[in-house]
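Per-entry structural report
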Amino acid sequence: MCIPPPNITGSLHLGHALTVAIQDAFVRWHRMRGDQVLWVPGSDHAGIATQAVVEKQLWKEQGKRRHELSREDFLKEVWRWKEEKGVEIYEQLQALGASLDWDRECFTMDARSSVAVTEAFVRLYEAGLLYRDRQIVNWSCALRSAISDIEVEGRPLPGRTDFCPPGCPSPVSFGLLISVAFPVDGDPETEIVVGTTRPETLPGDVAVAVHPDDPRYIHLHGCQLRHPLSGKLLPLITDPAVQPDLGTGAVKVTPAHSLVDAEIGTRHRLVPVSVIGEDGTMVAPCGDWLQGLHRFVAREKILSALKEQGHFRGIQDHPMVLPLCSRSGDVVEYLLKNQWFMRCQKMGEQASQAVESGALSLNPPFHQKKWQHWFSNISDWCVSRQLWWGHQIPAYRVVGKEGDSEECWVVGRSEAEARKAAVELIGRSEKELTLERDPDVLDTWFSSALFPFSALGWPQKTADLAQFYPLSLLETGSDLLMFWVGRMVMLGTQLTGQLPFPQVLLHSMVRDGQGRKMSKSLGNVIDPRDVIRGAELQMLQEKLKEGNLDPRELQIAAAGQRKDFPQGIPECGTDALRFILCSHGTQGEDINLSVSEVLNSRHFCNKIWNAMRFILNALGDRFIPHPTEELSSLSAMDTWILSCLALTVGECERGFLAQELSLITHALHHFWLHKLCDVYLESVKPVLSRSPQAPGPLQTLYSCADVGLRLLAPLMPFLAEELWQRLPNQPDCTPARSICVAPYPSAQNLEHWCQPELEQRFSQVQEAVKTLRGLRAMYQLSKARPRVLLQCSEPKEQCLYEDFLEPLGTLAHCGAVSFLPYNKASPQGWAQASLNNTTQVYMELQGLVDPHLHLPVLLTRRQKLQRQLDSLTAQTSVEGSEMMQRERKVSSLLVELSKLDQATSHLQQLMDLAPTKP
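Since the structure is predicted, the reported quantities are computational estimates derived from the model, not experimental observations. Throughout this document, residue positions are counted from 1 along each chain, in the order its sequence is written. Only residues with pLDDT of at least 70 get local features here, since the model is predicted, and only at 80 or more are side-chain atom pairs given and counted; chain-wide, interface and lining totals rely on the full set of residues. By convention in this description, side-chain values take in all heavy atoms of the structure and omit both hydrogens and water.

So, the overall build of the protein chain
This is how the line gets drawn: Comment: elements are numbered from the N terminus, with helices defined as DSSP H or I runs of at least four residues and strands as E runs of at least two. Within these notes, the globule rule equals 2.2 Å times the number of residues to the 0.38 power, and the radius of gyration is based on C-alpha atoms. Any two residues having at least one pair of non-hydrogen atoms within 4.5 Å are treated as being in contact. To measure how exposed things are, a 1.4 Å probe is used in the Shrake-Rupley method; for residues, cover is taken only from the protein chains shown.
Counting its regular elements, the protein chain contains 26 helices and 31 strands. For 918 residues, the compact-globule estimate of 2.2 N^0.38 gives 29 Å, and the protein chain exceeds it by more than 25% at 37 Å. In terms of overall dimensions, the protein chain has C-alpha extents of about 125 × 75 × 55 Å along its principal axes. Of all intrachain contacts in the protein chain linking residues separated by at least 6 positions in sequence, the fraction that spans at least 24 positions is 76%. When the accessible surface of the protein chain is split by element, carbon and sulfur atoms take 49% of a total near 43,300 Å².

Details of the environment of Leu688
Of note, Leu688 is situated in helix H19 (residues 661-688). Beyond its immediate stretch of four places on either side in the chain, Leu688 contacts Phe614, Ala618, Gln693, Pro697, Leu698 and Leu701.

Focus on the packing of helix H14 (residues 537-545) against helix H15 (residues 551-564)
The test is simple: Helix axes are fitted only over the stretch in contact, all axes being lines through C-alpha atoms; the angle between N-to-C directions runs from 0 to 180 degrees. Any angle that is under 35 degrees is reported as roughly parallel, and any over 145 degrees as roughly antiparallel; angles of 65 to 115 degrees are reported as roughly perpendicular and all others as oblique. It is the rotation of the near helix from the far one that decides the hand of a crossing: anticlockwise by less than a right angle makes it left-handed, clockwise makes it right-handed.
Two elements in contact, H14 and H15, have axes whose closest approach is 10 Å; the angle formed by their N-to-C orientations is 160 degrees. It follows that H14 is roughly antiparallel to H15 by the angle criterion. As for how H14 packs across H15, the hand of that crossing is right-handed. Taken together, the residues of H15 that come into contact with H14 (itself represented by Leu537, Leu540, Gln541, Leu544 and Lys545) are Leu554, Ala557, Ala558, Gln561 and Arg562.

Side note on the nonpolar core
Condition: By convention a nonpolar core is built from buried Ala, Val, Leu, Ile, Met, Phe, Trp, Tyr and Cys residues, the set being connected through side-chain atoms within 4.5 Å. When accessible area is computed with a 1.4 Å probe and restricted to protein chains, residues below 20% of their type maximum are described as buried, those above 50% as exposed, and intermediate ones as partly exposed.
Among the nonpolar cores identified, the biggest contains 141 residues, and Trp672, Tyr779 and Met843 are the most heavily contacted of them. For this core, the element with the highest residue contribution is H19, accounting for 14 residues. Those residues in contact with Met843 that sit more than four places away from it in its chain are Leu772, Leu775, Arg776, Tyr779, Leu781, Pro786, Arg787, Val788, Cys814, Trp830 and Ala831. In this structure, Met342, Ala354, Ala395 and Phe453 belong to the second largest nonpolar core, which totals 51 residues.

Let's talk about the layout of surface pockets
For clarity, the threshold we go by: A cavity here means a set of 1 Å grid points, computed over protein atoms only, where a 1.4 Å probe fits but cannot escape. A pocket is an open set with protein on both sides within 12 Å along at least 5 of 7 lines, and lining residues have an atom within 4 Å of a point. Grid points are joined across faces, edges and corners, and a volume is the space filled by probe spheres set on the points. Three categories are distinguished: nonpolar for Ala, Val, Leu, Ile, Met, Phe, Trp, Tyr, Cys and Pro, charged for Asp, Glu, Lys and Arg, and polar for the others, with Gly belonging to the last.
Estimated volume of the second largest pocket: approximately 580 Å³. Forming the boundary of the second largest pocket are 24 residues, of which Asp706, Arg710, Trp724, Gln730 and Pro743 lie nearest the centre. Considering each element in turn, the lining of the second largest pocket owes the most residues, four residues, to helix H20 (residues 695-712). Of the residues that constitute the lining of the second largest pocket, the class distribution is 14 nonpolar, seven polar and three charged.

Focus: the side chain of Glu119
Among the structural elements, Glu119 can be located in helix H5 (residues 111-126). Apart from the residues lying within four places of it in its own chain, the contact partners of Glu119 are Arg413, Trp458 and Pro459.

Focus on H15
Put simply, the rule is: For a helix, the expected span equals 1.5 Å multiplied by the number of residues minus one. The arc refers to the directions leading from the helix axis to the C-beta atoms.
The end-to-end C-alpha distance of H15 is 20 Å, a good match for the 20 Å that 14 residues give at a rise of 1.5 Å each. Within the span of H15, buried status applies to Ala557, Ala558, Gly560 and Gln561. Angularly, the buried residues of H15 cover 160 degrees about the axis, an arc narrow enough to put them on a single face. When the buried face of H15 is taken as reference, the exposed residues oriented beyond 90 degrees from it are Pro551, Arg552, Gln555 and Lys563. Each element contacted by the buried residues of H15 is listed here: H14.

Brief notes about helix H17 (residues 595-619)
Here H17 spans 36 Å end to end across 25 residues, near enough to the 36 Å set by a 1.5 Å rise per residue. Residues Val595, Val598, Ser601, Phe604, Cys605, Ile608, Ala611, Met612, Ile615, Ala618 and Leu619 constitute the buried set of H17. Packed against the buried residues of H17 are helix H13 (528-533), helix H16 (574-583), strand S27 (591-593), H19, H20 and helix H21 (717-724). Phi for Gly620, located one or two positions after H17, is positive at around 75 degrees.

Digging into the sheet that holds strand S21 (residues 409-411)
The cut-off we apply is this: DSSP-based pairing: two strands are paired if at least 2 bridges between them are found.
One open sheet accounts for three strands, arranged S21-S20-S22; its pairing is antiparallel. Pairing within the sheet leaves two strands with one partner each, and these edge strands are S21 and strand S22 (434-437). Across the sheet, the axes of successive neighbouring strands diverge by a mean angle of 35 degrees, strand direction being ignored. Pairing of strand S20 (residues 395-399) with S22 involves four bridges; the strand directions are antiparallel. Paired with Val398 across the bridge in S22 is Leu435. Across the face of the sheet, helix H10 (residues 415-426) comes into contact with S20, S21 and S22 while running at roughly 135 degrees to S21.

Things to note about the confidence of the model for the protein chain
As a reminder, the rule being used: Residue-level confidence of the predictor is what pLDDT reports, using numbers from 0 through 100.
Considering every residue of the protein chain, the mean pLDDT works out to 90; 96% of them sit at 70 or more. H21 holds the highest mean pLDDT among the elements of the protein chain, 98, whereas strand S24 (residues 473-476) holds the lowest, 57.

Comments concerning the packing of aromatic side chains
The relative placement of two aromatic rings is captured by the distance of their centres and the angle of their planes. Threshold: In summary, the pairing rule links any two rings of Phe, Tyr or Trp, Trp by its six-membered ring, whose centres are within 6.5 Å, and it sorts them by plane angle into stacked for under 30 degrees, edge-to-face for over 60 and tilted for everything else. In this scheme, the term charge over a ring applies when either NZ of a lysine or CZ of an arginine sits within 6 Å of the ring centre and within 35 degrees of the ring normal.
Under the counting rule described, the total for this entry stands at 22 aromatic pairs. Aromatic pair Trp79 and Phe107: ring centres 5.8 Å apart, planes at 80 degrees, arrangement edge-to-face. Of this pair, Trp79 sits in helix H3 (residues 71-85) while Phe107 sits in strand S2 (residues 106-107), placing them 28 residues apart in sequence. Owing to a relative accessible area of 31%, Trp79 belongs among the partly exposed residues under this scheme. By the ring-pair criterion, three or more aromatic residues cluster together here, those being Phe26, Trp29, Phe656 and Tyr744. Taking the ring centre of Phe107 as reference, the NZ or CZ of Lys82 above it sits at 4.3 Å. Its guanidinium or amino end placed over the ring of Phe163, Arg155 lies 5.1 Å from that ring's centre, counting from NZ or CZ.

Observations regarding unusual backbone geometry
A cis amide bond links Trp458 to the next residue, Pro459, at an omega of 10 degrees. Along the chain, Pro459 turns up in the loop between helix H11 (444-454) and S24. The residue after Ser691, namely Pro692, is reached through a cis peptide bond having omega 0 degrees. If you trace the backbone, Pro692 turns up in the loop between H19 and H20. Although it is not a glycine, Arg144 adopts a positive phi angle of roughly 55 degrees. Tracing the chain through its elements places Arg144 in the loop between strand S3 (130-140) and strand S4 (145-147). One non-glycine residue with positive phi stands out, namely Arg269, at about 55 degrees. The topology assignment puts Arg269 in the loop between helix H6 (259-267) and helix H7 (295-308).

A short note on the sheet that holds S4
Pairing is antiparallel across the open sheet formed by four strands, whose spatial order is S4-S3-S16-S18. The open sheet has two edge strands, S4 and strand S18 (381-382), and neither has a second partner.

Re the pattern of salt bridges
In plain terms, the rule: Counted as salt bridges are all cases of a side-chain nitrogen of Lys or Arg within 4 Å of a carboxyl oxygen of Asp or Glu.
A complete count under the given rule lists 42 salt bridges for this structure. Here Arg516 makes a salt bridge to Asp512, at a shortest N to O gap of 2.7 Å. Relative accessible area serves as the criterion here: at 7%, Asp512 is assigned to the buried category. Beyond isolated ion pairs, a larger network of salt bridges with shared partners links Glu88, Glu91, Asp527, Arg529, Asp530 and Lys543.

Overview of the environment of Cys286
Of note, Cys286 is situated in the loop between H6 and H7. Cys286 sits in the buried class, given a relative accessible area of 7%. Spatially, the C-alpha atoms of Cys286 and Gly204 are 7.2 Å apart, while their sequence positions differ by 82 residues. Ignoring any residue separated from it by four or fewer positions in sequence, one finds Cys286 in contact with Pro203, Val275 and Gln291.

Brief notes about the packing of H5 against H11
One way to put it is that H5 packs onto H11 with a least axis distance of 10 Å and a crossing angle of 110 degrees. When the axes of H5 and H11 are compared, the pair comes out roughly perpendicular. For the pair H5 and H11, the sense of crossing is right-handed. Packed against H5, whose contacting residues are Arg112, Ser113, Ala116, Val117, Ala120, Phe121 and Leu124, the element H11 presents Phe446, Ser447, Leu450 and Ser454 at the interface.

What follows is the structure, encoded as structure tokens:
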């Protein structure tokens, strides 16, 4: 298994911590089962993000821009930054206890990855899957580079919204529809009105299109229109892609700045006109009056010109989705560029078919619908990026090739190989050829999609890949990372000839306690180390200042932190964080995680620690453990707790096999807290205080500690290791050097411990304990240990309690427990309660309770409850859930009132039995 390679510029947050906690739990579980496990660590070079960080640092420290250095010198600066700053993520992974094979650490820009990337590019090119063409791409003007579809974030706008894009001198209004008139040539009284949200692209219009069957425009088919700005003639064309029911049913066609328009332009052989440059300013074809202006400054100037020339027909709010670059925050432009593209349709069909046939399973299954939708609508992938940091494309342009206006490109694993390809292609000697390597680099997703394969030495070690991913790949169910999984399936299947892995497990997304997506601008992104070690509010605020937030975002984020963490974040520890992350159902809805939950998990860790301290103290220095299979001379309580432990082992095993860790955390929490600590340890204390001690309880305590800690180890590795190492070793047995390689408990091996009937019997004993504790609370018997009598009308019912009389008294904080024959009258002055239809319980009160003092307390409490009941019954009738909720409250109050009446009656009996004062 490989870790999804995080960006070296980033810092892991709690969402990444969930991925690590899940992966590490499965890795440790398999390792304890004796499987050979390889978990490969690594990081992604993050082309755009890393280059941006280093450029900022270069400007801050040296006052230089990237282009003031040579490419080689700039890359040296990047590598220097990577060695100094790019290790933070590894420190976080180690703090989270990730048991990765650190000797195999990989980086998507190391030599091994470079070989794989180059080989993949050449093979895909030779297979006809990579080609160079002039097409519309997503362009970030701030980055001066093409970006991937997944790096385009759509921001929904309800209407007019003011926003200041990077590099723009003033805020710009988006979410507006501008209506523009295109006069019909030769008929100045007739015009066609089109609506546009991007008036800055008007200079690039080459036609107006309508649907061929739209009756409003049939009489104008074949007409020429005058461009409202330049006056040039444009054809009115008909195309079925136009939707006549939207707006006026007429659309402007700008093939150089719209993917849809480019397709229309291709069908009608229209020549595209580019009017926006790579830097986001207007270029020459738009005219001197606009050339050089920022595109959104030009927008306002164009609107003014339309109004002056009488072609402006109105403006209105228009709900829309504004495409933003997730890396820079700039508005994405669609530009016509010469780039390298990968044909994805065939590979997409293979990925889709793999899921459809069951060869690749997605878990949870509801992700299959999104998977199939993606691959049924996949388009060719632009893999070129206009950066210096990244894998430079192994393609070369043949310079000075005569007789052909088109560019000639060759591809090779080296320049020498590319030269040979050029000689064969052109038929000239190598000395006559000049090659220029493409300065662009490959999209980071290209190398990250190859990461699992290059990590094992592909292409040299192809055979190893057949054994890679015998476990599940674990990742978040976000679009970004599902995109990565999809790219891996496509490239892996194409390059290796086999499906790279049979399963993908997609877990939920972690949100904050309020259900908000974690965002730096909200101040709710939490470094896992701050939860593990604790962090003061001042330190959290300083971390915000180190980020790239603008002043307004910084102010909002700081306020959010002060509200969420007024006292900072308390120290919780790694084990508590991992356990609570895994405790949420990871195969369903998003996880809302608050620090208070992690703190509760820390309290659970403390409970385990204290339980083990008690057990180790009870075992002492001379205890010699026996193998778990040889336990004998066990009491009913010993048998019960071992049965509970065997059940827990089975539940944990099922949880791992079902890949649902919340089943495991629930089982472990229930066993340690509610079975071992709250019940068994409390019940066994009187037994351990006797001399000589019976061997059964000690052996049982050891077995619970040993097996229980091994169950915890995959989820709580540090706590489990520390405590397990303190347990005494079995004689004639070489212990494992660490709990992480000790055998994970097997349900099959402990099947002889299972006693479901005994567990069922003891559940009734626990109900008796609950009833007796309720009576103690009712009569405020805080220190007294009253005697208890059980009266059963059925002999088999009495047998149920016989083996548990001592633990019943101990757990109920009572004195001796004995039986009252069923034909005997109930004792006078004892509290009484029904356990069921056949069993009554009596608790001694005489001499332990002063009825004169306690009766007024009960009467006051009864009056309070009666007022609550009267208030509920006086309310007007309601329906549905509110009515059911009110009925439950009424029923609960009636039960409490009945108990109070019964207690009052018992106290009155005590008063009647008391001797009369002289």
